[in-house]
Amino acid sequence: MRLIKKLQVKQITINDVIDKIREYQPDVDIELLELAYDFAKEAHKGQKRASGEPYIIHPLHTAYNLAKIKLDMPTIIAGLLHDVPEDTDRTLEDVEKNFGKEVAQLVYGVTKLGTLKYRGLERYAENLRKMFIAMTKDIRVIFVKFADRLHNLETLQFLPPEKQKRIALESLEIYAAIANRLGMNEIKHQLEDAAFQTLSPEEYEWVMSSRKEPERILLKNLEKIKKKILKELHDHDIETIVVVGRQKMIYSLYKKLLRKDRDINQIYDIIALRIIVPSIADCYKTMGVLHNMWRPMPGRIKDYISVPKPNGYQSLHTTIFTDYGQIVEVQIRTQEMHEQAEFGIAAHWHYKESGAIKLPQEQLKWINEIVDIQKKVNTNEEYLREIKLDIFSDRIYVFTPQGDVIDLPEGATPVDFAYHVHTYLGNHCAGAKINDKMAQLDSELKSGDIVEIIVDKKRKGPSADWFDFVKTRSARDHMKTALKKNSRGLFNLDLSNLRKK
Ligand code: MN
């Protein structure tokens, strides 16, 4: 490895974990947490990390990462204990006896995933499947896994290069993708940046050096821009909670650069201004005030408040030409939207009072879908490809003519859309209109498109050509079923070469 990351300067202690928890739960009882720390320390006694440090450093960092996203006590305790049953002579029963059923079940969920040691594709696919099943039972299992993985990524340099690459790739392709689907942006970005640095050190360095100059110029005027905005909002009776410049994370900047011919001058959110205001009405009012002050860039005003992203993200975005000769992207949101944007589904634990937490079931449906995929595919290779394609590709959202939002993978076509809405619509799809214009059935849909399917009631079923361009598994499955039916009846189609697709 050309790039050797510096060892973390600060070593986390149990007191750091406690302080972090008290930031959001001032009156919390820490007795059980301290007991868990002693228990884990004793259990891992004599064990060392690859770095040579005492093993307890790792569960401590894991617990600290969980406290950073403001999780509840049982999850943080599970973070401290997550490697105990697998790596020490203390058993899961010991954990349950000392810390109760809830903690034990979380630890069990994490342990069941194994340490994801890479023993070929079979084992890997099996582990992933277990992980998704564990997530359907208690989503907090994946939070512990994220926290665990983050610390492992921070200490990767002590492992052999091959293993470094494998862990980094898996973090990027699987864990960051799951974090994204759960709306956990903070975690997603941290996983991505750590993995990216290991996977492509040269590209990582290139991004870091490309952004230096534009960032320097931006920062020069950012304070003045902030002040001016604050004053203007104050004059309009908008009580601003925060105005802050937020640096774009490295990997997401990299992906954007690749889309823009590697031209840094085409990127307007290297540093974006983020404004947090009390209410939704204030968000729109703020945008109005800004557009009155400075001209907005056409085509870059986005209203993710009325149409949230598929992962729940809400904000108003606009890009303005400030009179300091600078183009700045501004993101406007309420405090609640902000928590949702940073922590995603984990934000539901932040205001936990007594009783159960209501999770957004819509958002969790996809986890069950992944579990279902396993039942439908024959090989592990196919399974991995499917979950990457159907679940982890970037999502777009499009609309039915009635205004319903349909969430699809990037690159999806009108045929995918049709099957997603209804099997009948897919099987009888004869044409499509995108934003009121006739379009080819293989056109690539974009976020915000309004899609109308033209139905031919006499149509006998899907066309085999559609296999060349459909993107979703559900469309392919429905097409195969329909074609099979037809081949027994009207058509004599050879299905054997369709299965390979
Ligand atoms: Mn671990």
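Residues numbered from 1 in each chain as written. Predicted model: local features only at pLDDT ≥ 70, side-chain atom pairs only at ≥ 80, totals over all residues. Heavy atoms only, no water.

**Brief notes about the overall build of the protein chain**
On a plain count of helices and strands, the protein chain comes out with 19 helices and 11 strands. Since a compact globule built from 501 residues should have a radius of gyration of about 23 Å, the 25 Å found for the protein chain is in line with a globular shape. For the C-alpha atoms alone, the extent of the protein chain along its principal axes is close to 70 × 65 × 50 Å. Taking the 78 positively charged and 73 negatively charged side chains of the protein chain as two groups, their mean positions are separated by 4 Å. (Helix = DSSP H or I, 4+ residues; strand = E, 2+ residues; numbered from the N terminus. Rg over C-alpha atoms; globule rule 2.2 N^0.38 Å. Lys, Arg positive; Asp, Glu negative; His and termini not counted. Charge placed at Lys NZ, Arg CZ, Asp CG, Glu CD.)

**Thoughts on the environment of A104**
Mapped onto the secondary structure, A104 falls in helix α6 (residues 92-112). Since its relative accessible area comes to 4%, A104 is described here as buried. Filtering out sequence-adjacent residues up to four positions away, A104 remains in contact with L92, V95 and E96. (Buried < 20%, exposed > 50% of the residue type's maximum accessible area, 1.4 Å probe, protein only. Contact = heavy atoms within 4.5 Å.)

**Points about the domain arrangement of the protein chain**
For the protein chain, the domain assignment lists domain 1 (14-199), domain 2 (203-344) and domain 3 (393-497). In this complex, domain 1 contributes 17 residues to the contact, which on the side of domain 2 involves 18 residues. Both faces considered, domain 1 and domain 2 share a buried interface measuring about 1500 Å² in area, 58% of it formed by carbon and sulfur atoms. Of all residues in domain 1, E186, D193 and F196 give up the largest surface area on contact with domain 2, accounting jointly for 39% of the area buried on that side. (Domains from an automatic or database assignment. Buried area = accessible area lost by both parts, 1.4 Å probe.)

**Notes on the coordination of the manganese ion**
Each donor-metal-donor angle in an ideal tetrahedron of four donors is 109.5 degrees, and each such angle in an ideal octahedron of six donors is either 90 or 180 degrees. Here the manganese ion is held by the protein donor atoms H58 (NE2), H82 (NE2), D83 (OD) and D148 (OD), which lie 2.2 to 2.4 Å from it. Binding-site remark: the manganese ion is held by donors from one chain whose sequence spacing is H-x23-H-D-x64-D. Here H58 is found in helix α3 (residues 57-68), whereas its partner H82 is found in the loop between α4 (73-81) and α5 (84-87), with 24 residues between them in sequence. Judged by relative accessible area, H58 falls into the buried class, the value being 1%. You can call H82 buried: its relative accessible area is 2%. (Donors = N, O, S within 2.8 Å, 3.2 Å for Na, K, Ca; no water.)

**Some words on a nonpolar patch on the surface**
The grouping of I241, V242 and V244 at the surface amounts to a nonpolar patch, some 200 Å² of accessible area in total. Within the secondary structure layout, V244 lies in strand β1 (residues 242-247). A residue is classified by how much of its surface remains accessible, and V244, at 32% relative accessible area, is partly exposed. (Patch = residues over 30% accessible without salt bridge, like charges linked within 9 Å, V, L, I, M, F, W, Y side chains within 5 Å. Areas by Shrake-Rupley, 256 points an atom, 1.4 Å probe, with all protein chains shown as cover. Salt bridge = Lys/Arg side-chain N within 4 Å of Asp/Glu carboxyl O.)

**Overview of the pattern of salt bridges**
Going through the model one piece at a time under the given rule, you end up with 23 salt bridges. Across the pair K70 and E339 runs a salt bridge whose closest N-O atoms are separated by 3.1 Å. Note that K70 is positioned in the loop between α3 and α4 and E339 in helix α14 (residues 335-343), a separation of 269 residues in sequence. One salt bridge in this structure joins R140 and D138, with 3.0 Å as the shortest N-O distance. We classify R140 as buried; its relative accessible area is 7%. One continuous salt-bridge network, built from bridges that share partners, spans D72, E102, D138 and R140.

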